[in-house]
Amino acid sequence: MPATAYKRVVYRSPSEHHYLKVCLEFQEHGIGLNTAQFKQLLVSALKDLFGEVGAALPVDILTYEEKTLSAILRVCSSGLAKLWSSLTLFGAYKNKKCAFRVIQVSPFLLALSGNSREQVLD
Amino acid sequence: MATLRRLREAPRHLMVCEKSNFGHEKSRHKHLVETHYHNYRVSFLVPECGMLSKELKNLVMEIGPYYSVKNLPLHELVTHEFIHTFVKKGSFSALTYNTSIDEDNTAALLPNGKLILSLNKDTYEETGLQGHPSRYSGRKTMKFSAEESTMMSYFSKYQIQEHQPKVSLSTVRELQCPVLQSSSLAGEPEEACSALELFDWLGAVFCHADLDNQPYNFISTYRCPQPSTVVAQACLCTVTGFILPEKINVLLEQLCHYFDEPKLAPWLTLSVQGFADSPVSWRENEHGFQKGGEHLYNFVIFSNQDYWLQMAVGANDDCPP
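Parameters and conventions
- Residues numbered from 1 in each chain as written.
- Chains lettered and ligands numbered in written order.
- Predicted model: local features only at pLDDT ≥ 70, side-chain atom pairs only at ≥ 80, totals over all residues.
- Heavy atoms only, no water.
- Domains from an automatic or database assignment.
- Buried area = accessible area lost by both parts, 1.4 Å probe.
- Salt bridge = Lys/Arg side-chain N within 4 Å of Asp/Glu carboxyl O.
- Helix = DSSP H or I, 4+ residues; strand = E, 2+ residues; numbered from the N terminus.
- Buried < 20%, exposed > 50% of the residue type's maximum accessible area, 1.4 Å probe, protein only.
- Pairing = 2+ DSSP bridges.
- Axes fitted to C-alpha atoms, helices over the stretch in contact; angles between N-to-C directions.
- Contact = heavy atoms within 4.5 Å.
- Polar contact = N/O pair within 3.5 Å; in protein donor to acceptor, adjacent residues only side chain to side chain.
- Nonpolar A, V, L, I, M, F, W, Y, C, P; charged D, E, K, R; others polar.
- Phe/Tyr/Trp six-rings, centres within 6.5 Å; stacked < 30°, edge-to-face > 60°.

## A closer look at the domain arrangement of chain B
All names here are of chain B. Under the domain assignment used here, chain B contains domain 1 (1-64 + 165-313) and domain 2 (66-163). Here domain 1 and domain 2 have C-alpha centroids that lie 29 Å from each other. Both faces considered, domain 1 and domain 2 share a buried interface measuring about 1900 Å² in area, 64% of it formed by carbon and sulfur atoms. It is F242, D277 and E286 in domain 1 that bury the most area against domain 2; as a group they hold 34% of the surface buried on that side. The interface formed by domain 1 and domain 2 holds 1 salt bridge in total. One salt bridge connects K114 with E284, and the closest N-O pair in it is separated by 3.1 Å.

Pasting the structure below:
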């Protein structure tokens, strides 16, 4: 096949989605949540702050680790502020105090596969 | 209404997609790799490959060490002896460790000999240097990459430590891969996926996300972009540390040679992620950390030596060159 011709395209804000790497911390130890329960928790966080309309915001859990309660979430870019603020203000689950830590946010999922701020030089 | 509008806004980001061929005289691939100085993570994906060739594996294992020096005063980097021993030889790169570009003072030494300081207002006034305000708003541990034996002896009066990059190799089975056409960055309906779709998919693979969810799935609806094919196996390799651009160029060349013999794979990818807290992205373009600090690039290398190059940056960055 003949070599392709040079072409350059610059896209401004092309990502329809934003990705968040988050971790849920409980004040008490030993609380476990499966993926469906974690998703339900996200929905209630959105509902607490933004009502039924907010709760309907589509959020995908791309990865979930039950041991550490950490996940990579996908949300449409127009819903980023709503989701992030809901996570920030979520304080308790079934009367147990907890907090979301938002570790990384990016419109590029590939950027979440590594975090240079977590690099440890022993 | 203004509040509602602001709620729906996300920070701007930029993606440059280029297509060319490695055989083109004016191909900029080497230059773009060389001028992206502070690389934290390099990964590549080879479809239809169960095990890396000996050459590739050796290349990855021998990327070379990097060094950390604790409590190094910055003035050591501008002494005549230091410049003569390291900077003039080229291939010397340094970056402060554990400093956040949006909060702390940060310093970086580029291979071309320039020392970049990103300082808060008080420190800037104390230094009395001539600079310009950041476009986006000590004594530190620094990490370096350079020639081995000289480093250990030169910085022996400070705590210098050698580190090896971390390498991880894995094989993924039954991987759904997008179908691509090298001549078509934007894809073709029902025939080929676009460069943007490929970039997203690559992220899903390296984050180990499920690629085949149904649209009604409660947990996730993410799917591999279509059209796609399933490959029996694919090799993923990731190196993290402080990696010199020269090493990445050598790796790129070796990956191009992968197609010297006929292979089942139609393409492979090489992705590089920069340090979120580097004060520069490409060349001396100022880099900032707004919400993500991302500056990364990805090559898609086709079997006919065509390539795509995607360069992505976040809100506090200039457009990649």
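## Observations concerning the pattern of salt bridges
Under the defined criterion, the tally for this structure stands at 10 salt bridges over all chains. The shortest N-O distance in the salt bridge between B:E18 and A:R8 comes to 2.8 Å. Highlighted residues: B:E18 in strand β1 (residues 14-21) and A:R8 in strand β1 (residues 7-12), drawn from two different chains. Residue B:E18 is classed as buried on the basis of its relative accessible area, which comes to 1%. According to the relative accessible area criterion, A:R8 is partly exposed, its value standing at 30%. Across the pair B:E76 and B:K157 runs a salt bridge whose closest N-O atoms are separated by 3.7 Å. On the accessibility criterion, B:E76 (10% relative accessible area) is buried. Under the relative-accessibility criterion, B:K157 is labelled exposed at 63%. Residues joined by salt bridges that share partners form a network here, namely A:R8, B:E18 and B:R28.

## A closer look at the sheet that holds strand β10 (residues 228-243) of chain B
If you trace the 8 strands from one edge of the open sheet to the other, you get β1(A)-β1(B)-β13(B)-β12(B)-β11(B)-β2(B)-β10(B)-β9(B), paired in antiparallel fashion. The open sheet has two edge strands, β1 of chain A together with β9 (166-178) of chain B, and neither has a second partner. Neighbour-to-neighbour, the strand axes of the sheet open up by a mean angle of 15 degrees, direction not taken into account. Note: strand β12 (residues 295-302) of chain B against strand β13 (residues 306-313) of chain B, 7 bridges, orientation antiparallel. Directly across from B:N298, in β13(B), lies its bridge partner B:Q310. Sheet strands in contact with helix α3 (residues 54-61) of chain B are β2 (39-47), β9 and β10 of chain B, and its direction is about 135 degrees off that of β9(B).

## Focus on the interface of chain A and chain B
With 52 residues of chain A in contact, the opposing surface of chain B contributes 65 residues. A combined buried area of about 5100 Å² lies between chain A and chain B, and 58% of that area is made up of carbon and sulfur atoms. For the pair chain A and chain B, the number of links is 2 salt bridges. Summed over the shared surface of chain A and chain B, the result is 27 residue pairs in polar contact (both at pLDDT 80 or more). For the side of chain A that touches chain B, the secondary structure elements donating two or more residues are β1, β2 (17-26), α1 (35-55), β3 (59-65), β4 (70-76), α2 (80-88) and β6 (96-106) of chain A. Examining the composition of the side of chain A that touches chain B, we find that 6 residues originate from one element, β1(A), more than from any other. Its residues assigned to classes, the side of chain A that touches chain B shows 28 nonpolar, 15 polar and 9 charged. The pairing of β1(A) with β1(B) spans 6 bridges and is classified as antiparallel. Bridge pairing in β1(B) links A:R12 to B:L14.

## A short note on unusual backbone geometry
Residues and elements named next belong to chain B. Residue P227 is reached from Q226 by a cis peptide bond, and omega for that bond is 5 degrees. Turning to its location among the elements, P227 is positioned in the loop between α7 (195-206) and β10. The residue E48 is not glycine, and still its phi comes out positive at about 55 degrees. Within the element layout of this structure, E48 appears in the loop between β2 and α3.

## So, the packing of aromatic side chains
All names here are of chain B. Taken as a whole, this structure holds 18 aromatic pairs over all chains when the rule is applied. Arranged with centres 5.2 Å apart and planes meeting at 45 degrees, the rings of F86 and F92 form a pair that is tilted. There is no split in this pair, since F86 and F92 are both buried. An angle of 70 degrees between the planes, with centres 5.3 Å apart, marks the rings of F302 and W308 as edge-to-face. With respect to class, F302 is no different from W308; both count as buried. Ring pairs connect the aromatic residues F22, W282, Y297, F299 and Y307, which therefore count as one cluster.

## Concerning the side chain of B:T123
Within the secondary structure, B:T123 is located in helix α5 (residues 121-127). Here B:N105 takes part through its side chain, which lies 2.9 Å from a polar atom of the side chain of B:T123.

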